[in-house]
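Structure at a glance
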Amino acid sequence: MTRNTDPVVKALEQALADTFALALKTQTYHWNVVGPNFYGLHNLFEEQYTDGFAAVDELAERIRALDAPAPGGLAAFKEIAQIADPKNGIDAKGMIDDLIDSNETISKSLKAGVETAEENGDPSTADMLTARVTVHDKATWMLRSLRG
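A few points on the structure. (Residues numbered from 1 in each chain as written. Predicted model: local features only at pLDDT ≥ 70, side-chain atom pairs only at ≥ 80, totals over all residues. Heavy atoms only, no water.)

**Here's the deal with the overall build of the chain**
Each helix and strand in the chain was counted, giving 5 helices and 0 strands. Scanning the chain from its N terminus toward the C terminus, one meets helices and strands in the order α-α-α-α-α. Relative to its length of 148 residues, the chain is compact, with a C-alpha radius of gyration of 15 Å against a globular reference of 15 Å. Summarising its shape, the C-alpha atoms of the chain cover approximately 50 × 30 × 20 Å along the three principal directions. Relative to its 148 residues, the chain shows a buried fraction of 47%. Of all intrachain contacts in the chain linking residues separated by at least 6 positions in sequence, the fraction that spans at least 24 positions is 76%. A total accessible area of about 7,900 Å² is found for the chain, and carbon and sulfur atoms account for 53% of it. Counting 14 positive and 23 negative side-chain charges, the chain places the averaged centre of each group 5 Å from the other. (Helix = DSSP H or I, 4+ residues; strand = E, 2+ residues; numbered from the N terminus. Rg over C-alpha atoms; globule rule 2.2 N^0.38 Å. Buried < 20%, exposed > 50% of the residue type's maximum accessible area, 1.4 Å probe, protein only. Contact = heavy atoms within 4.5 Å. Areas by Shrake-Rupley, 256 points an atom, 1.4 Å probe, with all protein chains shown as cover. Lys, Arg positive; Asp, Glu negative; His and termini not counted. Charge placed at Lys NZ, Arg CZ, Asp CG, Glu CD.)

As structure tokens, then:
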């Protein structure tokens, strides 16, 4: 896959691939979580992946609004994403820890994307990515709170 060279589009492609990968990871953990906190974690994970999949559409549409093709498909997203696949055979605590790490990773990447958008005079993209930072920072806080 040939990636666009526009720095704002590249930042959006990163956000799109990372958001998709995190949403899919979170949904996988939603399916597989067990233990005494099952119900709460199952529901929290569902809220988070539902938000992520909705954001994927918004991010892809922003790329299209900038007149670039939006990447799609598992191979394309895997090539771009920094978020690793879900870990197999881990318990609820491991899932929480992995999701904390993934949300921190995406938040850091989104902040870099905000800078790129601002440097390139694109306040709409900067605002969109800033809103996503807020979502991932809140997700990180909520997940950390589960540690006790």
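Still more to cover.
**Comments concerning helix α1 (residues 7-32)**
Helix length check: α1 (26 residues) gives 37 Å between terminal C-alpha atoms against 38 Å at 1.5 Å per residue, within 8%. Burial analysis of α1 places 21 of its 26 residues in the buried class, which makes it a mostly covered element. (Expected span 1.5 Å × (residues − 1).)

**Here's the deal with the nonpolar core**
The tendency in soluble globular proteins is for nonpolar side chains to be buried side by side. Ranked by size, the top nonpolar core spans 36 residues in total, and within it Leu 16, Phe 45, Leu 129 and Leu 143 carry the most contacts. Elements that contribute at least two residues to this core include exactly α1, α2 (38-65), α3 (74-80), α4 (92-119) and α5 (123-145). Residue contacts for Phe 45: discarding those within four places in its chain leaves Thr 26, Tyr 29, His 30, Val 33, Met 95, Leu 99 and Leu 143. (Core = buried A, V, L, I, M, F, W, Y, C linked by side-chain atoms within 4.5 Å.)

**Examining the packing of α1 against α4**
At their nearest, the axes of α1 and α4 sit 10 Å apart, and the two run at 165° to each other. As the angle between them shows, α1 and α4 are arranged roughly antiparallel. The two elements α1 and α4 cross, and the hand of that crossing is left-handed. Contacts between α1 and α4 pair Pro 7, Val 8, Ala 11, Gln 14, Ala 15, Asp 18, Thr 19, Leu 22, Lys 25, Thr 26, Tyr 29 and Asn 32 from the former with Met 95, Asp 98, Leu 99, Ser 102, Asn 103, Ile 106, Ser 109, Leu 110, Gly 113, Thr 116 and Ala 117 from the latter. (Axes fitted to C-alpha atoms, helices over the stretch in contact; angles between N-to-C directions. Parallel < 35°, antiparallel > 145°, perpendicular 65-115°, else oblique. Left-handed = near helix turned anticlockwise from the far one by under 90°.)

**As for the pattern of salt bridges**
In this structure the tally under the stated criterion is 7 salt bridges. Between Lys 93 and Asp 97 there is a salt bridge whose closest N-O contact spans 2.7 Å. Pair noted here: Lys 93 and Asp 97 are both in helix α4, with a separation of 4 residues, about one helical turn. Overall, the relative accessible area of 54% leaves Lys 93 in the exposed class. Asp 97 sits in the buried class, given a relative accessible area of 18%. Where Arg 147 meets Asp 97, a salt bridge forms, and the shortest distance between an N and an O atom there is 3.0 Å. (Salt bridge = Lys/Arg side-chain N within 4 Å of Asp/Glu carboxyl O.)

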